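Chain and residue survey
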There are 2 protein chains.
Amino acid sequence: MFKPITIKDIAQALELSPSTVSRALSDSYEINEETKKRIIEYAEKHNYRRNPMASSLRHGRSYSIGVVVCEVANSFFSQAIDGIESVAYGKGYHVIISQSHDSYEREVVNIQHLANRAVDGLLISMSAETKDFSHIANLHGHGLPIVFFDRIIDSFETHTVTSNNREGARMGTQSLIDRGFRKIAHLANAPHLSITAERLDGYKTALKQHGIPLDESLVRYCHHGGRVQQEVEDAVRYFLSLDEKPDAIFVASDRLSMGCLSAFNKLAPEDEHLSVAGFSNSDVLDLLQPGFTCIRQPAFEMGRVAMEMLIQLIESHYPVYEFENTVLSTELISR
Amino acid sequence: MFKPITIKDIAQALELSPSTVSRALSDSYEINEETKKRIIEYAEKHNYRRNPMASSLRHGRSYSIGVVVCEVANSFFSQAIDGIESVAYGKGYHVIISQSHDSYEREVVNIQHLANRAVDGLLISMSAETKDFSHIANLHGHGLPIVFFDRIIDSFETHTVTSNNREGARMGTQSLIDRGFRKIAHLANAPHLSITAERLDGYKTALKQHGIPLDESLVRYCHHGGRVQQEVEDAVRYFLSLDEKPDAIFVASDRLSMGCLSAFNKLAPEDEHLSVAGFSNSDVLDLLQPGFTCIRQPAFEMGRVAMEMLIQLIESHYPVYEFENTVLSTELISR
DNA sequence: CTGAAAGCGCTAACAA
DNA sequence: TTGTTAGCGCTTTCAG
């Protein structure tokens, strides 16, 4: 049905060889200006576009990269994707987004799908469920360039980009302490995510710095990262059921913050109040909950940096042995 | 660097011809079960994957489709994408998502980028800015299968999927009327979008049915679809400045609803109240604004149907001349 | 400055 | 049941 014009067609029409046309179209210096002009004009007139598949096959490169995130309907990730795209387009790369929905199984399928040469490299933020990394190890072992961002794993020798989760969590928790709260709960993400441990650590540090003893019963994990609202509700209900209720909560993520606020609205009695601070890149949350103090990650920047690192890996002609672990700083937005 | 195993490698190792291997791997009936087993085992052991580029080049098909939406960080579109993916994966298609950010220019670039054989077909929801369709007309004219969904244009002979915007808007407006409001404003999307006209129409119908005269000054458009918060604030400020302020607003979209609620929070005096109803597929909005009545579109279903139609176009061996304009129904969620 | 030819990996006639 | 061959569209030596 859809039969685009090829280099051969142009060559025939202009009575030249395909190689000449190819060269002219990539603006080779060894082609007569006159001829070049003729070719380019003809190509434009018949709106020729290079067949990317043939080109890729020839080069052994697809000029596209795969991004694996848990979901795109998430301010943090969509901002990161914008950052990725901003670099990718500039360097002539395509971006293929794929969502794991925080399911291990889907993550495996998607990565497999992307991997075999359909992409030149992978930008991965781990799913909340993933504990076994062999699907990635395999590809990485065969030399597929991979950069991890945000939810990283350190069992691989490669570049990573994260934000300063410890410091962010510390600042967030401290902001609650500064407002006079002492019984501060922590609503955490899935336990085996890198960000979960780091943020928990920051929370603990803040408590320690102010001589507040850590109460393990005030820390609750959400194994599905809040994707299942039920688990958030369970956690909030648990907090509300305690003899000594917490007077504030420090929440580990965007989605959890939303879940937490809405669960609280639903479960708590009218007159009950609870102060919440947490990680969030959501404008909506800002807008609708003016009192909400949040830790903002430089998501766009993170995407940008990750993509730049990936391109560096892809385009390097020698194997790379030195890896960077970039840590960007977070920002406290309090009101 | 990354050098995956090819059919030729397998053939060599097993002392067979590439074609035999190829056939075995696509489970051809004409290959000896014994040989087939050997080949498949070897392939699995060395985890062979078919090079999609070569395969595509050969078939003249990429088995991937492009999706063009304004943004993914939007409940409606991310749900629609989930619907699209659910069908696509089942049928062996890849989904390449690209965001126009409601900019005409980016839409043109993205579509160009996707079009030339990198994809077998396109699923498009128009950007708010787009008035000129020649970039699409061109491709469509050359036979590239295209299905429009949600924000459609009817200057093309092809399938479309929308929801019943008129009826949704009518129900939403009526719900406000039922609650006793008479001065109902309408915060509309960009004027040249199909959905804008339809929703405006539904709003008018509801007013008419209840004998409320239409006051044109109560209708305000957002030319950037609410992407620029300023324009939403301007509209809200305008409503608040009227001598006869509206007592309710019917809002045309997700993003506008958020913008509107937050602008109102920001601009209106404490004691001022305003009832809002509007189109929205956002869970967050539901959660944080319990009083918000919304019109929900079957986004997932819309994606599903659009993708099925597209596959039908792609896989049809004859030119298709009969086109369907599917309209799915919307749902009123009131509280 | 231009052309001929080979080959990226895969598949499908055609032959055997 | 298996092999041979040609070619998808593009690029790049190598040879004029």
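For clarity, every value in this text was computed on a predicted model and none was experimentally measured. (Residues numbered from 1 in each chain as written. Chains lettered and ligands numbered in written order. Predicted model: local features only at pLDDT ≥ 70, side-chain atom pairs only at ≥ 80, totals over all residues. Heavy atoms only, no water.)

Residue and element names in this part refer to chain A. You can read the domains of chain A as domain 1 (7–49), domain 2 (62–162 + 299–328) and domain 3 (165–296). Centre-to-centre separation of domain 2 and domain 3, based on C-alpha positions: 28 Å. Taken residue by residue, the interface counts 19 residues in domain 2 and 14 residues in domain 3. Surface buried jointly by domain 2 and domain 3 totals about 1,300 Å² across both partners, of which 42% is contributed by carbon and sulfur atoms. It is E71, A128 and R151 in domain 2 that bury the most area against domain 3; as a group they hold 32% of the surface buried on that side. The closest approach of N and O atoms between R255 and E71, which form a salt bridge, is 2.8 Å. The interface formed by domain 2 and domain 3 includes 6 residue pairs in polar contact (both at pLDDT 80 or more). Here the side of domain 2 that touches domain 3 takes 3 residues from helix α5 (residues 75–90), the largest share from any one element. (Domains from an automatic or database assignment. Contact = heavy atoms within 4.5 Å. Buried area = accessible area lost by both parts, 1.4 Å probe. Salt bridge = Lys/Arg side-chain N within 4 Å of Asp/Glu carboxyl O. Polar contact = N/O pair within 3.5 Å; in protein donor to acceptor, adjacent residues only side chain to side chain. Helix = DSSP H or I, 4+ residues; strand = E, 2+ residues; numbered from the N terminus.)

Okay, the protein's contact with DNA strand D next. Every one of the 25 residues lining DNA strand D counts as a neighbour, but I7, Y48 and R58 of chain A together with S19 and T20 of chain B are closest to it. When atoms of DNA strand D within 4 Å of the protein are split into backbone and base, the sugar-phosphate part holds 63%. Note that a phosphate oxygen of DNA strand D is positioned 3.1 Å from one of the side-chain N or O atoms of S22 of chain A. One of the side-chain N or O atoms of S19 of chain B is found 3.1 Å from a base oxygen in DNA strand D. (Near = heavy atom within 4 Å.)

Within this numbering scheme, the UniProt entry marks residues 5–59 of chain A as carrying the feature "domain: HTH lacI-type" (unreviewed entry). Between the end C-alpha atoms of residues 5–59 of chain A there is a gap of 21 Å, over a span that is 67% helix and 0% strand. (UniProt positions renumbered as here; feature names shortened; annotations may be inferred.)

Right, let's get into the sheet that holds strand β6 (residues 184–188) of chain B. Residue and element names in this part refer to chain B. Read from one edge of the open sheet, 6 strands run β7-β6-β8-β9-β10-β12, paired in mixed fashion. Strands with a single pairing partner mark the edges of an open sheet, and in this sheet they are β7 (219–221) and β12 (331–333). Direction aside, the axes of adjacent strands within the sheet are offset by 15° on average. Its contacts with the sheet put helix α10 (residues 229–241) on β6, β7 and β8 (248–251), and the angle it makes with β6 is roughly 165°. (Pairing = 2+ DSSP bridges. Axes fitted to C-alpha atoms, helices over the stretch in contact; angles between N-to-C directions.)

Around DNA strand C there are 25 residues in total, and T20 and R23 of chain A together with I7, Y48 and R58 of chain B lie nearest to it. Measuring from a base nitrogen of DNA strand C, one finds a side-chain N or O atom of R23 of chain A at 2.7 Å. Mapped by element, the contributors of at least two residues to the surface near DNA strand C are α2 (18–25) and α4 (52–59) of chain A together with α1 (7–14), α2 (18–25) and α4 (52–59) of chain B. With 4 residues, the single largest contributor to the surface near DNA strand C is α4 of chain B. Its residues assigned to classes, the surface near DNA strand C comprises 6 nonpolar, 11 polar and 8 charged. (Nonpolar A, V, L, I, M, F, W, Y, C, P; charged D, E, K, R; others polar.)

This brings us to the interface of chain B and chain A. On the side of chain A, 52 residues touch chain B, which itself brings 53 residues to the contact. For the pair chain B and chain A, the summed buried surface comes to about 4,800 Å²; carbon and sulfur atoms form 64% of the total. Here R106 of chain B makes a salt bridge to E85 of chain A, at a shortest N to O gap of 3.6 Å. Applying the counting criterion to the chain B and chain A interface returns 2 residue pairs in polar contact (both at pLDDT 80 or more). Elements that contribute at least two residues to the side of chain B that touches chain A include exactly α4, α5 (75–90), β2 (94–99), α6 (104–115), α7 (134–141), α11 (254–267) and α12 (283–288) of chain B. When residues in the side of chain B that touches chain A are grouped by element, the largest group, 6 residues, is from α6 of chain B.

Its rotation angle being 180°, the transformation that places chain B on chain A also includes 0.0 Å of axial translation and leaves an RMSD of 0.1 Å. Taken together, the turn and the small shift mark the pair as related by a two-fold rotation axis. Of every C-alpha in chain B, the one belonging to A73 of chain B sits nearest the axis of rotation, 2.2 Å from it. The residues that chain B uses at the interface reappear at the interface of chain A in 98% of cases, marking a shared surface. (Least-squares fit on C-alpha atoms with pLDDT ≥ 70 in both.)

For the rest of this paragraph, the subject is the packing of α2 of chain A against helix α3 (residues 33–45) of chain A. All names here are of chain A. Where α2 contacts α3, the two axes come as close as 9 Å, and the packing angle between them is 85°. In terms of axis orientation, α2 runs roughly perpendicular to α3. Residues T20, V21, A24 and L25 of α2 pack against T35, K36, I39, I40 and A43 of α3. Residue classes in the contact of α2 with α3 are distributed as 6 nonpolar, 2 polar and 1 charged. (Parallel < 35°, antiparallel > 145°, perpendicular 65-115°, else oblique.)

Another point: the packing of helix α1 (residues 7–14) of chain A against α2 of chain A. A pair of packed helices is characterised by two quantities: the angle between their axes and the separation of those axes. Residue and element names in this part refer to chain A. Where α1 meets α2, the closest approach of the two axes is 8 Å, and the angle between their N-to-C directions is 110°. As the angle between them shows, α1 and α2 are arranged roughly perpendicular. Note on packing geometry: the crossing formed by α1 with α2 is right-handed. Packed against α1, whose contacting residues are I7, K8, I10 and A11, the element α2 presents P18, V21, S22 and L25 at the interface. Taken together, the residues of the contact of α1 with α2 break down into 6 nonpolar, 1 polar and 1 charged. (Left-handed = near helix turned anticlockwise from the far one by under 90°.)

Attention now moves to the sheet that holds strand β2 (residues 94–99) of chain A. Residues and elements named next belong to chain A. Ordered in space as β2-β1-β3-β4-β5-β11, the 6 strands form an open sheet in which the pairing is parallel. Looking at which strands have only one partner, the edges of the open sheet turn out to be β2 and β11 (325–328). Averaged over all pairs of adjacent strands, the angle between their axes in this sheet comes to 15°, without regard to strand direction. As defined by bridge partners, strand β1 (residues 64–69) adjoins strand β3 (residues 121–124) across 4 bridges and the pair is classed as parallel. Paired with V68 across the two strands is I124, which belongs to β3. This element, α5, spans β1, β2, β3 and β4 (146–149) of the sheet and lies at about 160° to β2.

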